[in-house]
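# Architecture at a glance
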Amino acid sequence: MPPSEPAPAESTTSEPVDLTSTNPFSLHQVVYSRRSEYVRPHRIRVKVGTWNVAACPGTDKDLASWFVDGKGLDASLASLDLSRNPVIERDSTGDADGGGIHLLGGDKIGLYVLGLQEVVDLNSYMSQVYAVDNAVIERWKTALEAALPEGYQRVTSEQLSGLLLMVYASPEVAPTISNVSTVSVGTGLLGYLGNKGAVVTRIMLGDTTRMVFVNCHLASGSDYLDRRIWDIGQILSRAQFKPVSIAGVSEDEGEKIGDEDFAFWFGDLNFRLDGLPGADIRRLLMLHTRGEYDLAKKGMRREDSLDGDGVMVPHTPDSDDEDTADRDSTTTPSTTHTDKETLPDPDEFLPDPRDDPASLQATLDSLLPHDQLRRVVKQGKVFQDGWHEGPITFLPSYKYDVGTVGLFDSSEKQRAPSWCDRILYRTRRDKEAHEKKLKDEAEARKKDQEMKDRGMEHAGDDDEVLFNYDPDNDGEDHPQGSAGLDYDEYDEGDEQAGDVTTKEGFIDRIYLDIYTSHQRVTSSDHKPIISIFTLNYDAVVPELKAKVHAEVARELDRVENEGRPGLTIVFDSQSHDATQFRRLQGSPDQGVEFGEVRFLKKETITLTLANTSSVPATFSFVEKPTVDEDSPDMFQWLKTSFVRSEGASDSTGSLILDKEITLEPGETVNAVLEVLVDDIIHVRMLNDGQASLEEVLVLRVTDGRDHFIPVRATWSPTCIGRSIDELLRIPTGAGGVRGFAKALSEKKGRVGSIPYDLDVHRPVPTELYKLTEAADILTERALADEQMLEESSVPQDAGWPFEEISWKFTERDGRLAHVLAILDALDRDEPIGEAFPPGTPSMERLEVVGEVLLLFLRGLIDGIITTPLWHRVEQASLPSLGQGAAGKVQAGEDGYEEDKTTILDVLSTAPNHNISFVFLTATLAKIASELAPLSKADLEVLKADGNSTAAARGMGVLSRRSLSFRRAGSSTPMGDALAALDRRQAKERRFGEVFGSVVCRAPVPERVKDRRTVEDRQRALVELFLRRREG
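Now for a look at the structure at hand. On a predicted model such as this, the values are computed, not experimentally measured, just so you know.

### Here we look at the environment of glutamine 159
Looking at where glutamine 159 falls in the secondary structure, it is placed in strand β6 (residues 153-160). What makes glutamine 159 buried here is its relative accessible area of 4%. Once the C-alpha coordinates of glutamine 159 and glutamine 117 are considered, the two residues, 42 residues apart in sequence, prove to be 9.8 Å apart. Within the structure, glutamine 159 has its side chain in polar contact with the backbone oxygen of serine 161 (distance 2.8 Å).

Below is the structure:
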């Protein structure tokens, strides 16, 4: 039989399913209801072998002959049904070894599962009991792969110290295997090391059938029975597999042994024979291996226990095994016996060897009741929950002299022969039947106790047999000599014997074809044990299931969408330059493109949202989640709003709506997307390439499909948010910071800051020079206009033109347009004067230039006076910064000059910052003197008062009493002079307050009092350099 072939299909009808169901599992249910369209029955044979190689050399050379080719049988030393077992074949060459027979193998096996023990010498390997020796794995993999037919693929191979588990599948079966999960459980030294334990693997066959294979090596020695039971419990509890994933959907939790559909437990279980002298067991079995047990059959005597053909002992299984008809049915599982079938002639059956007391099988049956494994199963300690073992019809697998066929241990220890090496199996049906049996027994005991509690213990004496029934002691006697772990009571019921309903809901069957040993393999002191199973299972055909899944998904989507709200999104081409964005076509790589975005320049695009469904649609934009303060995503540069173009409430013709909108079928609404970058910290990150203008808007439709709208914009580099050291390195003629930064980005392939290793081209930033120059020129023009034009009057506020509350030009949009024009001129290295429209008043221009100057200074990363420079200024002895007005009077002109000299000495350590500071303060001092002048006449009056030095500097050093006396006569020359002095001092002080914090970078204290102290010092430092010598 080929390793995998379609088996006759059972009647699998599709079940009707309501497509309109809102159950989230409806897709799975509908697809499952159509399983007959994508599931096909298959049949494979599974060969499971176990062998303790005892670290003997040459054992890998025998692997091909017994495990793949099936050789090494000895029909005289095992009860084999040679005439009717489909997996026993005769050698074409008539090989004398084993009577010229071999087991099915080669490409007729769909799944090879091999468990080896002691592939390394554990006595010398104890220090590495958890190590994996790749050389050992490779040697055995090479031996097995060389023996297997071409095309067989490795499913898994795993080593735990001396344990090695290998699984290989045929070319037809391998593609259908998935969800392979292999784990190791050490139970040796300290209860965790790997000299004892198990290697366990879980596979899924055909997306329908879960199979688990356990290769174990339990504690050795006759007296360590309890430890072997403990080992099994540890393997069961600690073996955890990964969650199963089918069609991309993973289960929530992993699996363990017991969750599978078919389990196979094999290896050197090390269970021994109790209650019999080892010498008697060896003597008894040696009589059989020599052919001397039944002297009446002299023809069966074997002259040599190591060689010779021996006698083939025919075997007909008892009622516990599959009969001939059952085995024939494994190849055609849909065939069932009917009353019209012709029954076989009883004379055609060979005699059962168990009926002959002198037969080998009779001897084996007499030994099996002493088997520890059978005893602990009967006691319910291990493997009582549905595990089966085939009939034991072969000699004990341990312990032999290496190189002999049937010579048991002749060393000094003379260990008693035992069936240490076993293969057990269990189906989901077996486990569920055991659980049901326990439940029924518990309910029976509960009912019996309830009757006793009600005083009815004697009312049902006739029924006591129902409640006191002991299946192990009552009823018919079990057949004598029955081998293995059988649970025939589970076969009762309506289901056909062998049917297993898998976890996925499919019907599978499994049959044990043979369970025997390869007695003629002599390279180890253990004999290899083999089992061959026939598995009929339903396998998913991936292509057919994908087709059904797609059809069901489309149909469910159609049905669901008919009753779901839906929106259609259309761009309003009038809202933005049509070349600056792409229309949404439903493709994820398309979206809204705003083009270049500049600092403070607002850009908008309008989307029209239409309810094209048949039900009301409620929707809103999903708000951006809160992120860390240092993340680029913290800045809200993109805003959304809904407006309706009917019932206008303002000049724009739009009505601003709530964040959540409900539209009736056929209604429309406009969604406005607004991009604005106005945070200087964000500007710095955009200039440096640490942030980008990309976001995905989520338009959430309640009970409908969400719309994902990618929004992108390109950042336009600007002088705002850069350092002085960057701006000094922009060459003349490079197109300003914008052109130079773009050129660098194209060269480097990424957006970034201007490198500090470039050449310095000027002592102060061009932007600072242009702004201060424009402020100076415009101040003169404003004063000139005041002289020539009646309607032009320069504001007398001390903070004008730099303080916002003093501005006369307050029209917001017009002022913003001027600011953007100046910034654009600075970024392009163009003249500031050309940024204003013709006819713009000089005072209006001066106010806007003052605003941009402060914006530029505020945006400098390092400031003009950096934080390190400020710390050094604070450490210097500067009376003018640390004292009030009284201190200033005492300081005098010489003291102020000394303080200025000290500050300039500190700033000289950063030449470019020093020059920028002097350049800025000189311009501000000039503007202050022009807007609040002291005439020569005023100075002369002040000098004549006796305070010539102080008066000449305009410091107002007259005493409070004399000032109040003189101010009373304000119309006098002295009064006019003092009023002019007050105006000058007020303007210098206010300029110092406005520019102090933007020029000086100082840490901000937490306490309000400390913050005020720092602000006073910043103001005093700038104010100190604004005072000018007069006359």
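### Some thoughts on unusual backbone geometry
Of the consecutive residues tyrosine 398 and lysine 399, the connecting peptide bond is found in the cis state with omega at 0°. In this structure, the amide linkage connecting tryptophan 800 to the following residue, proline 801, adopts the cis form with an omega of 10°. Considering the arrangement of structural elements, one finds proline 801 in the loop between α15 (766-788) and α16 (812-828). Of note in this structure, glutamate 118 is not a glycine but carries a positive phi near 55°. Summarising the element assignment, glutamate 118 is placed in the loop between β5 (111-117) and α3 (134-147). A positive phi angle is found at asparagine 179, which is not glycine, with a value near 55°. Here asparagine 179 shows up in strand β8 (residues 177-186).

### Quick word on the sheet that holds strand β10 (residues 209-217)
The sheet built from 6 strands is open, its strands ordered β8-β9-β10-β15-β17-β16 with mixed pairing. At either end of the open sheet lies a strand with only one pairing partner, and these are β8 and β16 (388-389). Of the strand pairs in this sheet, β10 and strand β15 (residues 262-268) are connected by 7 bridges, and their pairing is parallel. Bridging from a neighbouring strand, phenylalanine 213 pairs with phenylalanine 264 of β15. Packed on one face of the sheet, helix α4 (residues 225-238) meets β8, β9 (197-205), β10 and β15 and runs near 135° to β8.

### Some thoughts on the sheet that holds strand β21 (residues 567-571)
The strand order across the open sheet formed by 5 strands is β21-β23-β28-β25-β26, and the pairing between neighbours is antiparallel. Where the open sheet ends on each side, the last strands, each with one partner, are β21 and β26 (655-656). Here 5 bridges tie β21 to strand β23 (residues 603-611), and the two strands are oriented antiparallel to one another. Residue pairing in the sheet places valine 570 in a bridge with threonine 608 of β23.

What counts, and where the lines are drawn
- Residues numbered from 1 in each chain as written.
- Predicted model: local features only at pLDDT ≥ 70, side-chain atom pairs only at ≥ 80, totals over all residues.
- Heavy atoms only, no water.
- Helix = DSSP H or I, 4+ residues; strand = E, 2+ residues; numbered from the N terminus.
- Buried < 20%, exposed > 50% of the residue type's maximum accessible area, 1.4 Å probe, protein only.
- Polar contact = N/O pair within 3.5 Å; in protein donor to acceptor, adjacent residues only side chain to side chain.
- Pairing = 2+ DSSP bridges.
- Contact = heavy atoms within 4.5 Å.
- Axes fitted to C-alpha atoms, helices over the stretch in contact; angles between N-to-C directions.

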